[in-house]
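One letter stands for each residue in the lines below.
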Number of protein chains: 2
Amino acid sequence: MARTREFDEQKVLDAAMRLFWEKGYEATSLSDLTAAMGVQRPSIYSAFGDKKELFEAALRKYNQLHAASIRTKLKKFSSVKQAFRSLFEGIITKAGDSRPDIGCFCINTMVELAPHDPKFEVLTREHQLYLASVFQETIERGLESGELRPDIQAEDLAKNLVVSMIGLTVMMKSRPEQLFAEQSIALTLSLLD
Amino acid sequence: MARTREFDEQKVLDAAMRLFWEKGYEATSLSDLTAAMGVQRPSIYSAFGDKKELFEAALRKYNQLHAASIRTKLKKFSSVKQAFRSLFEGIITKAGDSRPDIGCFCINTMVELAPHDPKFEVLTREHQLYLASVFQETIERGLESGELRPDIQAEDLAKNLVVSMIGLTVMMKSRPEQLFAEQSIALTLSLLD
DNA sequence: TGTATAACATACCGATCAGTAATTTATTTT
DNA sequence: AAAATAAATTACTGATCGGTATGTTATACA
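Residues numbered from 1 in each chain as written. Chains lettered and ligands numbered in written order. Predicted model: local features only at pLDDT ≥ 70, side-chain atom pairs only at ≥ 80, totals over all residues. Heavy atoms only, no water.

**Focus on the overall build of chain A**
Turning to step 1, where the next piece is worked out: Summing up its helical and strand segments, chain A has nine helices and zero strands in all.
Turning to step 2, where the next piece is worked out: Helices (α) and strands (β) of chain A occur, in sequence order from the N terminus, as α-α-α-α-α-α-α-α-α.
Turning to step 3, where the next piece is worked out: Taking the principal axes of its C-alpha atoms as reference, chain A extends roughly 65 × 40 × 30 Å.
Turning to step 4, where the next piece is worked out: Expressed as a percentage of the 193 residues in chain A, the buried residues total 52%.
Turning to step 5, where the next piece is worked out: A separation of at least 24 residues holds for 71% of the contacts in chain A among residues at least 6 apart in sequence.
Turning to step 6, where the next piece is worked out: Summing over all exposed atoms, chain A offers an accessible surface of approximately 9,000 Å²; the carbon and sulfur share of this is 50%.
Turning to step 7, where the next piece is worked out: Measuring between centres, the 25 positive side-chain charges of chain A sit 4 Å from its 27 negative side-chain charges. (Helix = DSSP H or I, 4+ residues; strand = E, 2+ residues; numbered from the N terminus. Buried < 20%, exposed > 50% of the residue type's maximum accessible area, 1.4 Å probe, protein only. Contact = heavy atoms within 4.5 Å. Areas by Shrake-Rupley, 256 points an atom, 1.4 Å probe, with all protein chains shown as cover. Lys, Arg positive; Asp, Glu negative; His and termini not counted. Charge placed at Lys NZ, Arg CZ, Asp CG, Glu CD.)

**Quick notes on helix α6 (residues 105-112) of chain A**
For an α-helix, the turn length of 3.6 residues means that residues three or four places apart are oriented alike.
Turning to step 1, where the next piece is worked out: Counting buried residues along α6 of chain A, seven of its eight residues qualify, which places the element largely inside the surrounding structure.
Turning to step 2, where the next piece is worked out: For α6 of chain A, the full list of buried residues reads Phe105, Cys106, Ile107, Asn108, Thr109, Met110 and Val111 of chain A.

**Examining the relation of the copies chain B and chain A**
Turning to step 1, where the next piece is worked out: Mapping chain B onto chain A calls for a rotation angle of 180° and an axial translation of 0.0 Å; the resulting RMSD is 0.0 Å. What the superposition gives is, in effect, a two-fold axis relating one chain to the other. It is Gly167 of chain B whose C-alpha, among those of chain B, lies nearest the rotation axis, at 1.8 Å.
Turning to step 2, where the next piece is worked out: Both copies share a contact surface, since 100% of the interface residues of chain B are interface residues in chain A too. (Least-squares fit on C-alpha atoms with pLDDT ≥ 70 in both.)

**So, the packing of aromatic side chains**
Turning to step 1, where the next piece is worked out: All chains considered together, the criterion is met by 16 aromatic pairs over all chains.
Turning to step 2, where the next piece is worked out: Centroid distance Trp21 of chain A to Tyr62 of chain A: 4.8 Å. Interplanar angle 65°. Geometry classified as edge-to-face. On the criterion of sequence distance, the pair formed by Trp21 of chain A in helix α1 (residues 9-23) and Tyr62 of chain A in helix α4 (residues 51-75) is long-range, its members being 41 residues apart. Just as Trp21 of chain A is buried, Tyr62 of chain A falls in that class too.
Turning to step 3, where the next piece is worked out: Ring geometry for Phe55 of chain B against Phe105 of chain B: centres 5.2 Å apart, planes inclined by 85°, an arrangement best described as edge-to-face. Taken as a pair, Phe55 of chain B in helix α4 (residues 51-75) and Phe105 of chain B in helix α6 (residues 105-112) lie far apart in primary sequence, 50 residues in all. Assigned by exposure class, Phe55 of chain B and Phe105 of chain B land together as buried.
Turning to step 4, where the next piece is worked out: Three or more aromatic residues joined by ring pairs make a cluster, and in this case those are Phe20, Trp21, Tyr25, Phe55, Tyr62, Phe105 and Phe120 of chain A. (Phe/Tyr/Trp six-rings, centres within 6.5 Å; stacked < 30°, edge-to-face > 60°.)

**Topic: the interface of chain B and chain A**
In many reports, interface size means the accessible area that the parts give up when they come together.
Turning to step 1, where the next piece is worked out: Facing 44 residues of chain B, the contacting portion of chain A comprises 44 residues.
Turning to step 2, where the next piece is worked out: Approximately 3,800 Å² of surface area, both sides summed, lies buried where chain B meets chain A, with 67% of it carried by carbon and sulfur atoms.
Turning to step 3, where the next piece is worked out: At the junction of chain B with chain A, the criterion picks out 16 residue pairs in polar contact (both at pLDDT 80 or more).
Turning to step 4, where the next piece is worked out: Elements with a contribution of two residues or more to the side of chain B that touches chain A: α1 (9-23), α6, α7 (118-145), α8 (154-172) and α9 (178-190) of chain B.
Turning to step 5, where the next piece is worked out: Looking at the side of chain B that touches chain A element by element, the count peaks at twelve residues for α8 of chain B.
Turning to step 6, where the next piece is worked out: Counted by class, the side of chain B that touches chain A contains 21 nonpolar, eleven polar and twelve charged residues. (Buried area = accessible area lost by both parts, 1.4 Å probe. Polar contact = N/O pair within 3.5 Å; in protein donor to acceptor, adjacent residues only side chain to side chain. Nonpolar A, V, L, I, M, F, W, Y, C, P; charged D, E, K, R; others polar.)

**Here's the deal with the protein's contact with DNA strand D**
Turning to step 1, where the next piece is worked out: Close contacts around DNA strand D come from 23 residues, with Ala2 and Glu6 of chain A together with Leu30, Tyr45 and Lys51 of chain B the closest.
Turning to step 2, where the next piece is worked out: In DNA strand D, atoms within 4 Å of the protein come from the sugar-phosphate backbone in 65% of cases.
Turning to step 3, where the next piece is worked out: A distance of 2.7 Å is found between a phosphate oxygen of DNA strand D and a backbone nitrogen or oxygen belonging to Leu30 of chain B.
Turning to step 4, where the next piece is worked out: A distance of 3.0 Å separates a base nitrogen of DNA strand D from a polar side-chain atom of Arg41 of chain B. (Near = heavy atom within 4 Å.)

Shape descriptors only; they carry no functional weight alone.
Structure (structure tokens):
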């Protein structure tokens, strides 16, 4: 007994996600959002709540997509060493082709909001924890297959790779020379040898 | 033939630096700044220019202080291994004692502004390059003294440590468990062994 | 000591902010 | 088809934004 919604919630949330991802929370205005989402202001509020709630929904969506993307990338290679090398190389090369380098939405939020909002502190921390578990499972796959040295500490290495990935992703935002980026991860990847 | 300035430029710039460091560029208003600096709005504009220029001055000041702090911390130990361990341990423990964890002003700026403003892209990149050179000199000191294995690649290791430091600093903003943080840097520090 | 000058304080500017009240339009159910 | 209801549209709110014009006060120099 009412009018049907004219927009696809997932599609407009996707647009909001991209905008928040690129510009951050504070620098994104409601006017920016209505323009990018193609939806009027009151419709946004009725569908997603206020700006912070919309941001949270966008980040949750990002984290899901990002986690799936990481899992896919790591499964793509039977060699675990090759999988991680490809993952890190992807961060270096993908970043170079277009301005601005928006990096990782979750990392951006860790910097901008996590220290000031417990909700985002938890949300971002849990995503890192999840990524660490995915990394650990991948390393254990390499241990079981015999590709990796049996004395490797899978848990420590997984967490170390998460930290290196965060550091590399952030560093790429300052557009360092390709050689600098390559050198900076060489030893990280050597931990797998 | 004029009135003398009543405030200490370095002191009020220090106050601005702390505020931008904690809250970021967008979330800090001119009203916040006047309150924290104890200086009226027109005086800020006459002394430092507009908001972006004040932010730039604050970041330049931070980078100087931060670089000096890093140099001091690394010189404090005759053992290079111990110096780097102390540096990384400091990032983990210092972060835990107070909310919010404001992390590193330069890293915050790399995330918030570098992708959207060439001036800050350069400013933040150069700071990372400088830190890498300081790290490299420290590693070379350990090579010359014989503390470190002679086959260590000082340049690669220095850059790797910069990336790990960035990653750890950012990760601490989500307030991970102490054990998680300790584990995540264990292998990084093992690169010195 | 008077005058020029710059730092001070107050008050204001138009623009934009996040959020909403009021109205119109469309659709489902009775 | 009529009534009920929710979505869409328009236009608006008070608050705050970054930045500045204006007037006042203090100090250095002639």
